[in-house]
Amino acid sequence: MESDNIRWNNVQTAGKEQGFDLNELQKKMVTWRRDFHRYPEKGWLEMRTASRIARILKDLGYEVLTGKVVCEEASRMGLPTKEELEAQYLWAGKNGADPEYLEEMKDGFTGVIGILHCGRGPVTALRFDMDALGVYEKKEGHRPQECGFASCREGVMHACGHDGHMAMGLGTAEILSGMRSQLSGTIKLIFQPAEEGVRGAKSIVDKGHLDDVDVLLGIHLMQSEDGTCYVSPGMAGTLATTKLDVLFQGKASHAGISPQEGNNAMLAAAAAVLNLHAIPRHAEGSSRVNVGTLRAGTGRNVICDRAVLELETRGETTEINRYMEEYARRILQGAAMMHGCEVSCSLAGASAAMECSPELASDLWEICEKKLKIPVKKPRDMGGSEDFAYMAERVLQRGGQVCFNGVHTPCADALHGSGFDFEEQVLAMGVRCLCGVVAQLSDRIVC
């Protein structure tokens, strides 16, 4: 067995030993990141993005899974309309999608999994999310604009770092592919669609891709608190959540001549909104509810026959979120009955509270700090919700280990902000972190 000094050599030396220059890999990652940033795609619409990722993975020697093999059709949540999917397919075809893979992604089957078989050993999975947000990108004083890689799509932007996550995923893929003969076990690189709104992980889990996983790793770019770059292994503190789309169906009538003949869906929706925000909070942990949109009515002289709500519940634990969701559903039913309406709910997204394995987080801390000389700091609670938690829950249920890692970097704006941008040198640090853990599992040299 090699000594620690050899096994945990610095990135530059290890890269040269494997026949590639990691300075060149950093340049590749920046190019990939900027390409993804320029051509952003929202959840289930990542057709250009996913097809190009699949092509790179195939060229690196991975077994590549795409389309319905990756995502369970019935488990996809919050799908765009058929019209949106078709329009995106045409747009992707005109804007650089790889034709070999585009057809499989036509109807929103945009997940990609690259598998590297390295003989007997553990199964390690790494997840990278792909989707962009519906955010209008800042134009003035914004580096992507000044350097020519700002979003070419009005109102769609990578404002949560997923462009960087994908670049790190491909950088990791290249390093591990080059070291295949020195690794053991199976490595799965999961490029997940529709993380925003916690909509995409369930379809991959339900397809069985996490059932044989021994170790699951995730990363997320985070705003650095002190202006430096560092990693935080074992980030948790996310909230379990349920996203519901709600339709109240009433009966239209003339507001002046025969208002008694109508069943006012707007009144039902309004009653629901007020009572939803009055749900008693839970004593055993944080709980949240929010109605984000309400659309109703066709004219001032018409009793409204249709109202649509978009709402979410959250809880510090899965049980607390279940309490919030069940209470919310009772309120929706009660409000509909009050005004003689029907109500239906569709699930637009869901995720459990995220747990990490303390032992694995400790291992990762030691690898980064002592072996790779990467600055490490104690993780803080993430807040919000993260679709990774759904995958983590399945792996933990089956006896595996899970670690979610913050990769902290100076940022030009907060996550989801219109001026979001990050220090691109952090990409190499994220790759070193991920490859270091895979190396330990394989008991081989990586970096």
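Here we summarise the structure given alongside this text. (Residues numbered from 1 in each chain as written. Predicted model: local features only at pLDDT ≥ 70, side-chain atom pairs only at ≥ 80, totals over all residues. Heavy atoms only, no water.)

A word on the sheet that holds strand β10 (residues 342–351)
With antiparallel pairing, four strands are arranged side by side in an open sheet as β8-β9-β7-β10. Strands with a single pairing partner mark the edges of an open sheet, and in this sheet they are β8 (287–296) and β10. Adjacent strand axes in the sheet meet at a mean angle of 15° when their direction is disregarded. Sheet topology note: the β8/strand β9 (residues 306–315) ladder contains nine bridges and is antiparallel. Its bridge partner being in β9, Val-291 is matched across the sheet by Leu-311. (Pairing = 2+ DSSP bridges. Helix = DSSP H or I, 4+ residues; strand = E, 2+ residues; numbered from the N terminus. Axes fitted to C-alpha atoms, helices over the stretch in contact; angles between N-to-C directions.)

Comments concerning the sheet that holds strand β4 (residues 186–192)
Backbone hydrogen bonds are what pair the strands of a sheet, in a parallel or an antiparallel way. In spatial order, the strands read β1-β2-β4-β3-β5-β11-β6; together these seven strands make up an open sheet with mixed pairing. Each edge of the open sheet carries a strand with a single partner, namely β1 (63–66) and β6 (230–233). Adjacent strand axes in the sheet meet at a mean angle of 20°, parallel and antiparallel pairs treated alike. Where strand β3 (residues 123–129) lies against β4, seven bridges are found, and the strand directions are parallel. Each bridged residue has a counterpart across the sheet, and for Ala-125 the counterpart in β4 is Lys-188. Running at roughly 10° to strand β2 (residues 112–117), helix α4 (residues 47–59) makes contact with β1, β2 and β4 of the sheet. (Contact = heavy atoms within 4.5 Å.)

A few points about the packing of helix α12 (residues 358–371) against helix α14 (residues 426–442)
In contact at an axis separation of 10 Å, α12 and α14 are set at 115° when each is read in the N-to-C sense. With respect to each other, α12 and α14 are oriented roughly perpendicular. Between α12 and α14 the crossing geometry is right-handed. Here Asp-363, Leu-364, Ile-367 and Cys-368 of α12 lie close against α14, whose contacting residues are Cys-433, Gly-436, Val-437 and Gln-440. Partitioning the contact of α12 with α14 into residue classes produces five nonpolar, two polar and one charged. (Parallel < 35°, antiparallel > 145°, perpendicular 65-115°, else oblique. Left-handed = near helix turned anticlockwise from the far one by under 90°. Nonpolar A, V, L, I, M, F, W, Y, C, P; charged D, E, K, R; others polar.)

A look at the pattern of salt bridges
Following the criterion strictly, the structure yields 27 salt bridges and no others. When the shortest N-O distance is used, the salt bridge between Glu-312 and Arg-314 registers 2.9 Å. No difference in accessibility class separates Glu-312 from Arg-314, as the two residues are buried. Between Glu-325 and Arg-329 there is a salt bridge, with its nearest N and O atoms 3.1 Å apart. Within this pair, Glu-325 and its partner Arg-329 are both found in helix α11 (residues 318–338), separated by four residues, close to a single helical turn. One salt-bridge network, held together by shared partners, links Arg-33, Arg-34, Arg-143, Asp-163, Asp-421 and Glu-424. (Salt bridge = Lys/Arg side-chain N within 4 Å of Asp/Glu carboxyl O. Buried < 20%, exposed > 50% of the residue type's maximum accessible area, 1.4 Å probe, protein only.)

Considering a negative patch on the surface
A surface patch of negative charge is lined by Glu-73, Glu-86, Glu-103, Glu-104 and Asp-107. With respect to the element layout, Glu-104 can be found in the loop between α6 (99–102) and β2. (Patch = residues over 30% accessible without salt bridge, like charges linked within 9 Å, V, L, I, M, F, W, Y side chains within 5 Å. Areas by Shrake-Rupley, 256 points an atom, 1.4 Å probe, with all protein chains shown as cover. Lys, Arg positive; Asp, Glu negative; His and termini not counted. Charge placed at Lys NZ, Arg CZ, Asp CG, Glu CD.)

Some words on the state of the cysteines
Any covalent bond linking the sulfur atoms of two cysteines counts as a disulfide. Applying the stated criterion to the full structure yields zero disulfides. Among the cysteines around Cys-304, which has no disulfide bond, Cys-341 carries the closest sulfur, lying 8.2 Å off. Given a relative accessible area of 4%, Cys-304 falls into the buried group. The thiol sulfur of Cys-433 is not disulfide-bonded, and the nearest other cysteine sulfur, from Cys-368, lies at 3.7 Å. (Disulfide = S-S within 2.5 Å.)

Looking at the packing of aromatic side chains
This model, assessed by the stated rule, comprises five aromatic pairs. Judged by centre distance (6.3 Å) and plane angle (55°), the rings of Tyr-39 and Trp-91 are tilted. Of this pair, Tyr-39 sits in the loop between α3 (22–38) and α4 while Trp-91 is found in helix α5 (residues 82–94), placing the two residues 52 residues apart along the sequence. No difference in accessibility class separates Tyr-39 from Trp-91, as the two residues are buried. For the cation-ring pair, Arg-38 lies above Tyr-39, with the distance from its terminal atom to the ring centre recorded as 5.7 Å. (Phe/Tyr/Trp six-rings, centres within 6.5 Å; stacked < 30°, edge-to-face > 60°. Lys NZ or Arg CZ within 6 Å of the ring centre and 35° of its normal.)

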